[in-house]
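Geometric and topological summary
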Amino acid sequence: MEPLILYGGTFNPIHLGHMGICAKVHEKFPTGTILLMPTARPPHKTDREVISGEHRLAMCRIAARPFPYLQVDRYELDQGGKSYTIDTLLHLRELFPQRPIYLLIGTDMFLTFRQWRRWQEIGKLAVLVVASRQRDDRGDLLETQRDLAGDGIRSLLLDNEVQEISSTQIRRTLARERTCSQLPDGVLEYILEHGLYTGDSPAWDREALRRIVRDMVDPQRYRHTLGVERQAERLALKFGENPEKAAVCGILHDICKNMPPERMLQLITDDGIMTENRSVAADEKECAPKTGSDIPFSRQPQLLHSYAGAAYLRLEMGISDPDILNAVRYHTTGRGGMSKLEKIVYLADLTSEDRDYPDVDQVRKLTWSSLEEGMKYSLQYIVGRLAREGGFLCRDTVEAYNEACGYPRASNGGA
């Protein structure tokens, strides 16, 4: 059977060092297929410079295009969260029960192999193929190979030419010079086109963003998404905000709406967002919140998708613009001190053409006249409804309500 060689990594970005190793593996296994598999979130890395998985995947595909023995696989990106090799190998063994599987790793990973999650099981599923990463590491590799063989771990050491290429240094070079000679053909052009690593603000490909969202939400939610995109752009044009950025927020605001709750909670946890949302009871008489208490997201599941959406944009799509992240995060709750863009996205969500709740026409009329009047009326409507129903209010909504209505902010954050 033809061998299958798994080559996982961050590929941030893929470079000629990676490609040289693949060429050497192809010499060793000329009938084999090398799977280039970008990780979702490497468990051993916390580097904030890791860009979105979709961009890393695209660069791998560009680099692999001239080489028939290379195949790019998005399995770990689709799984989301932290990527563990054992999970990927079990998946491959299920797909290819008869093919011999090899795992291609570098010096540092080989020398620390016993620290890997379920390393003994990995050794049963795959033979390790080790590429040298430093010119003087051969002695350490041979010693580790002997030690691991005593545990039943099979390994092969490649006789590869060491190219001491650093992804970190490549990113720094790109930021400083906007060019780099250590990238495969086509990858530099992609990086510059999308403003990656250079500090540039890329032009947004709205059609590409729509495709991403369309694949993640149900048809009804997608129709709502398009309505919010149009309304946010119109409001931005009227009130002097960036219409392109507002439209992008409209496309992305509900990206996690149909995601399983446990996945949303994992995103929120991974992003360091609080896992409990501060909330307060509403006073039924005045529709103004008076006392505060903390309740978990399980009591307010409708808030999950906005917090998770901001986390997903940052962690999985590499979007770091705080204006966009905040507009998505607070489009459901609002908050005190909202920016103009945040108000536009909040109100576009409430006044898009598909909305048909009571008073929506009044909210649309007031919003078109004044963002402040639209915020005040909509927050009064929402707070009043929740007060009548005995519901709970997120503290951010309370602060947005108090600000819109002109109530002084109390020292404890409530009304």
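Above this text you will find the structure in question.
The notes below deal with the structure included here. Quick caveat, the model's predicted, so the values are computed rather than measured.

With that out of the way, let us pick up the overall build of the protein chain. A tally of helices and strands in the protein chain yields 19 helices and nine strands. When each of the 415 residues of the protein chain is scored for burial, the buried share is 52%. Considering only contacts within the protein chain whose residues lie at least 6 apart along the sequence, 70% involve residues at least 24 apart. Carbon together with sulfur atoms contributes 46% to the accessible area of the protein chain, which is approximately 19,600 Å² in total.

Before going further, it helps to spend a moment on the pattern of salt bridges. Summed over the entire model, instances satisfying the criterion amount to 22 salt bridges. Across the pair Arg263 and Glu316 runs a salt bridge, and its minimum N-O distance is 3.9 Å. Taken together, the residues span a long stretch of sequence, with Arg263 in helix 13 (residues 261-270) and Glu316 in the loop between helix 14 (304-315) and helix 15 (322-329) at a distance of 53 residues. For Glu316, a relative accessible area of 8% corresponds to the buried category. The partner of Arg364 in a salt bridge is Asp361, with the nearest N and O atoms 3.2 Å apart.

Among the residues of helix 15, those classed as buried are Ile324, Leu325, Ala327 and Val328. Viewed along the axis of helix 15, the buried residues span an arc of 165°, placing them on a single side of the element. Those residues of helix 15 that are buried lie in contact with helix 12 (243-252), helix 14 and helix 16 (340-351). The N-cap of helix 15, judged by a side-chain oxygen 2.8 Å from the amide nitrogen of Asp323 a few residues on, is Asp321.

Rules used throughout
- Residues numbered from 1 in each chain as written.
- Predicted model: local features only at pLDDT ≥ 70, side-chain atom pairs only at ≥ 80, totals over all residues.
- Heavy atoms only, no water.
- Helix = DSSP H or I, 4+ residues; strand = E, 2+ residues; numbered from the N terminus.
- Buried < 20%, exposed > 50% of the residue type's maximum accessible area, 1.4 Å probe, protein only.
- Contact = heavy atoms within 4.5 Å.
- Areas by Shrake-Rupley, 256 points an atom, 1.4 Å probe, with all protein chains shown as cover.
- Salt bridge = Lys/Arg side-chain N within 4 Å of Asp/Glu carboxyl O.
- Arc of directions from axis to C-beta.
- Polar contact = N/O pair within 3.5 Å; in protein donor to acceptor, adjacent residues only side chain to side chain.

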